[in-house]
Every structure is written in C-alpha cells, then in structure tokens.
Amino acid sequence: MDNKQKTNFSDIVFGFNKDWELKNWQDSCFKKVTYDSRSEKKWDLGGIPQEVKTVIEGEGEEKQLQSKIKSIFIKFLETPKASHIIQDISGRAEKRWKEAGKECLFTLSKMLDIPIEEFEKKYYAYFTFGRRCPFYENKFMFNQFSDFPNTASHEIMHIEFLKKYKNYCLEKGLTEIQISHLKEILTVLLNEDLGDFLYLTDRGYNSHKKIRQEVLKLYREYKKTKQNFSVFLDKVIELLKDQWEYSTPN
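In short, a report on the structure.

Conventions we followed
Residues numbered from 1 in each chain as written. Predicted model: local features only at pLDDT ≥ 70, side-chain atom pairs only at ≥ 80, totals over all residues. Heavy atoms only, no water. 1 Å grid on protein atoms, 1.4 Å probe; cavity = no way out; pocket = protein on both sides within 12 Å on 5 of 7 lines; lining within 4 Å. Points joined across faces, edges and corners; volume = space filled by probe spheres on them. Helix = DSSP H or I, 4+ residues; strand = E, 2+ residues; numbered from the N terminus. Expected span 1.5 Å × (residues − 1). Buried < 20%, exposed > 50% of the residue type's maximum accessible area, 1.4 Å probe, protein only. Arc of directions from axis to C-beta. Phe/Tyr/Trp six-rings, centres within 6.5 Å; stacked < 30°, edge-to-face > 60°. Lys NZ or Arg CZ within 6 Å of the ring centre and 35° of its normal.

So, about the layout of surface pockets. Counted as a void, the largest pocket has a volume near 1,400 Å³. In terms of lining, the largest pocket is formed by 39 residues, of which the most central are W43, R131, R132, C133 and Y205. Residue assignment for the lining of the largest pocket shows that the elements contributing at least two residues are helix 2 (18–30), strand 3 (135–136), helix 6 (148–171) and helix 7 (176–185). Here the lining of the largest pocket gets five residues from one element, more than from any other, and that element is helix 6.

Right, dumping it as structure tokens:
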C-alpha cells in the first residue's frame, strides 16, 4: 500500500472570520509590503470595494479613516454579492484541496524533513477579499486571486518551518527579522517539488529574487545527497548572512 494512503493527513477547516477580515482590510490600507518596503509599496486591495480606496486617498487621521472603512465593511458584508463570493470561492478552494491536498502535504513533509505526524492536525483557512493573506498559529487567509493549493502550501510551509526550525535559526545567529525573510525566501522550493500540482509559480517578493535563485541551486545540490534538511538550511543561513543587505530593504 502507498505510504500516502496509510498516512493520517491534516484537515483544513474553511471559514470566514469577520474580525480578522476587517483587520486585514485596515492593514492592507495602511501597512507597507514588509519585504518590498524599499519602494514604499502598499498592498493591492484586490476585491476590497473601490469605496475603501477613495477613503484612504482622502484626508483625515488613520483612526478616522479606519472608522469609515469599518462602515463600508459592515454594509458590504450584508450584500448578496459578498455572500456569493465567499461561498463560491470557498467551495472552489475546498474542491481543489481535495484534488491536490494530500500530495501537497506529503511533499511538504518530505521537503522540510518533518514527519507528517508532527504537522498540525487541523488548519483553519479563512477567505479574504484582499490580496494580502496573513497567517498565525495554524490559521491563514486565502483569496480569489490565487489557486488554493498554492496559498495553502505556501502558508503551511511557513507554519511548519517556523515550528520546527525557528529556534534552530536563532541558535545559528539569525534575528527574528532575518528568519521572517528566510521563510519567504524558502518558498521557492515549492516550485521545485510541487510544480506538477500547483497551477501558479510561487514568485516571492522582488527584493528576494536574487537570493531565491541561489537557494534553489543549493537545494538541487542538497537533494542529490541523503543529508538532513538542517545541512541545507545551514548553507542557506550563511548565504542569507552574507547577502543580507542585498536580500532585504534598507
């Protein structure tokens, strides 16, 4: 019997969290894209109503603008359009995960050298109208602008990598900020190992382009060996330290 058939894979629970969604609207309006902040880039609002863009382009203190955004948010969620989008995209996401989810989880486990039994038993995926898809603990957001297995694999990779290797990276001398960048840089590995199951290429952030290609080269060399993931990670950590000024904003 195939190992994948015998494995107890993690579940994903789909939902919509109003409080987190409102926070994501406000963060999308006022926060810079952390990894591309050299250009002072703000988030693309995606499917957040155009009225919100008009509000943030107007005058007023941030708290006043946030209050106006909240009013738009409440009214928008009461519309049939909003309900339809949430249900439609969530349904499509769940269907796609049934098609590709086991392969994604199995490959992530192998990629990160983490037994799948150590993965979270459940993940919670919440639809967002915005393009910004944050995560914390075992929860993450997804939207209508990316194929769900792409988003889920990207975010679950973050979750499991940090659980397993964050303290290791700290012991190796990386800062919290460097580790945050590292988790984004490493998603280039998804293109190598999950290319057959993901509709879209994981492009990463512009400020990481150069180092992602070098990390991918190191990974291809590492895969030829039977060494632990930590051996590969040590090389990436040294690369990150050497190229820190090039891989991150000033």
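Attention shifts here to helix 9 (residues 209–222). Taking 1.5 Å of rise per residue, 14 residues should cover 20 Å, and helix 9 covers 20 Å from first to last C-alpha, within 8% of that figure. For helix 9, every residue scored as buried is listed here: I211, R212, V215, L216, Y219 and Y222. End-on, the buried residues of helix 9 take up no more than an arc of 145°, which puts them together on one face. Across from the buried face of helix 9, at angles greater than 90 degrees, the exposed residues are K209, K210, Q213 and K217.

Moving on, we get to the packing of aromatic side chains. Applying the stated criterion across every chain, the model contains 20 aromatic pairs. Between the aromatic rings of W25 and F73, the centroid separation amounts to 4.9 Å while the plane-to-plane angle is 85°, which identifies the pairing as edge-to-face. Placement of the pair is W25 in helix 2 and F73 in helix 4 (residues 62–77), with a sequence separation of 48 residues. Given the relative accessible area of 0%, W25 is considered buried. Overall, the relative accessible area of 5% leaves F73 in the buried class. A ring pair is formed by Y222 and F229, whose centres lie 6.4 Å apart and whose planes are at 85°; its orientation type is edge-to-face. When its relative accessible area of 12% is taken as the criterion, Y222 is described as buried. Three or more aromatic residues joined by ring pairs form one cluster here, namely F14, F16, W25, F73, F76, W97, F127, F129, F140, F142 and F148. Positioned above the aromatic ring of Y199 is the side chain of R96, whose terminal nitrogen or guanidinium carbon lies 3.9 Å from the ring centre. One residue, R131, lies across the ring of F145, its end atom 4.1 Å from the ring centre.

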